[in-house]
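The residues making up each chain are set out below.
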Amino acid sequence: MNETGSHVSRAQTFGAKEFQERTGVSDHDLARLEIFADVLTQWQQRMNLVSRSSMSDLWSRHMLDSAQLKNHLRGDDKSILDLGSGAGFPGLVLGILTPGPVHLVESHRRKCAFLREAARLTDANVVVHNERIEQLDPFFVDVVTARALAPLTDLLAYAAPFLAENSRCLLLKGAKVRQELTDSRKKWNMIVTEAKSLSDSSGTVLIIEGISQRHDRRTH
């Protein structure tokens, strides 16, 4: 079966019920995610929040992909910073599934309007920052997340000002993860744990801690 056919077949069988069976979310949180899905569908008709083709596979490709990060949170993780939140994946999903607060950073004004409305309707504990990441005044958080935003080297540079000593990054990465790790290790010291994605056979969740910039010790 080709890739398009595979997505169509999966979309026909993986919906909210299957999402709940896979993740074990409560009926209350599932209802909130269904509200999020409804408002996303409504706004998608007016602006391009996610790719049109992926809407038919919303519960696996977006909801499950985002929700799996909750499995990698520690008990003492409270604050989360989501870089380039876009349509709310993974940040708004985590804002629904965790006590928060989750800080959503998005430079696009209309996407921020969507995020605020979706957060209001789902009663998610999020703070929307309508700014470019590099212009946001730094504050420490326990976890930094990102999905489909930038190469790993750039993500670490964005995240670094917000990382305290015990902070970590939880990053959703695709098929190019090996090359991105190789490139990043030229500029960054880090401890990396990899977990297989629950939603994408070619995807990886990177759990990264101990992040610091490498310094060239050669004399000039």
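Residues numbered from 1 in each chain as written. Predicted model: local features only at pLDDT ≥ 70, side-chain atom pairs only at ≥ 80, totals over all residues. Heavy atoms only, no water.

Attention now moves to helix α6 (residues 109-122). In this model α6 runs 20 Å from its N-terminal to its C-terminal C-alpha over 14 residues, within 8% of the 20 Å that 1.5 Å per residue would give. Those residues of α6 that fall on the buried side of the exposure criterion are K111, C112, F114, L115, A118, A119 and T122. An end-on view of α6 places all buried positions within 155 degrees of arc, on one side of the element. Away from the buried face of α6 by more than 90 degrees, exposed residues R109 and R120 are located. Considering only its buried residues, α6 is in contact with α3 (27-44), α5 (91-97), β2 (102-105) and β3 (126-129). Within two residues after α6, D123 carries a phi angle of roughly 55 degrees, on the positive side. (Helix = DSSP H or I, 4+ residues; strand = E, 2+ residues; numbered from the N terminus. Expected span 1.5 Å × (residues − 1). Buried < 20%, exposed > 50% of the residue type's maximum accessible area, 1.4 Å probe, protein only. Arc of directions from axis to C-beta. Contact = heavy atoms within 4.5 Å.)

For the protein chain, the mean per-residue pLDDT works out to 92, and 92% of the residues sit at or above 70. Counting contacts from residues 1-9, a segment whose pLDDT is below 50, to residues more than four positions away or on other chains yields four contacts. (pLDDT = per-residue confidence, 0-100.)

Below, the discussion takes up the environment of V39. In this fold, V39 is placed in helix α3. In this structure, the C-alpha to C-alpha distance between V39 and Y158, residues 119 residues apart in sequence, is 29 Å. Beyond its immediate chain neighbours, meaning those up to four positions away, V39 contacts F114, E117, A118 and L121.

Once that is clear, we can look at the packing of aromatic side chains. The relative placement of two aromatic rings is captured by the distance of their centres and the angle of their planes. A complete count under the given rule lists five aromatic pairs for this structure. A centroid spacing of 6.3 Å and a plane angle of 35 degrees characterise the contact between F36 and F114, whose relative ring orientation is tilted. Residue F36 is located in helix α3, and its partner F114 is located in helix α6; the two are separated by 78 residues in the primary sequence. Chaining the aromatic ring pairs together yields one cluster made of F36, W43, F89 and F114. One Lys or Arg, R46, reaches over the ring of W43 and ends 4.7 Å from the middle of that ring. (Phe/Tyr/Trp six-rings, centres within 6.5 Å; stacked < 30°, edge-to-face > 60°. Lys NZ or Arg CZ within 6 Å of the ring centre and 35° of its normal.)

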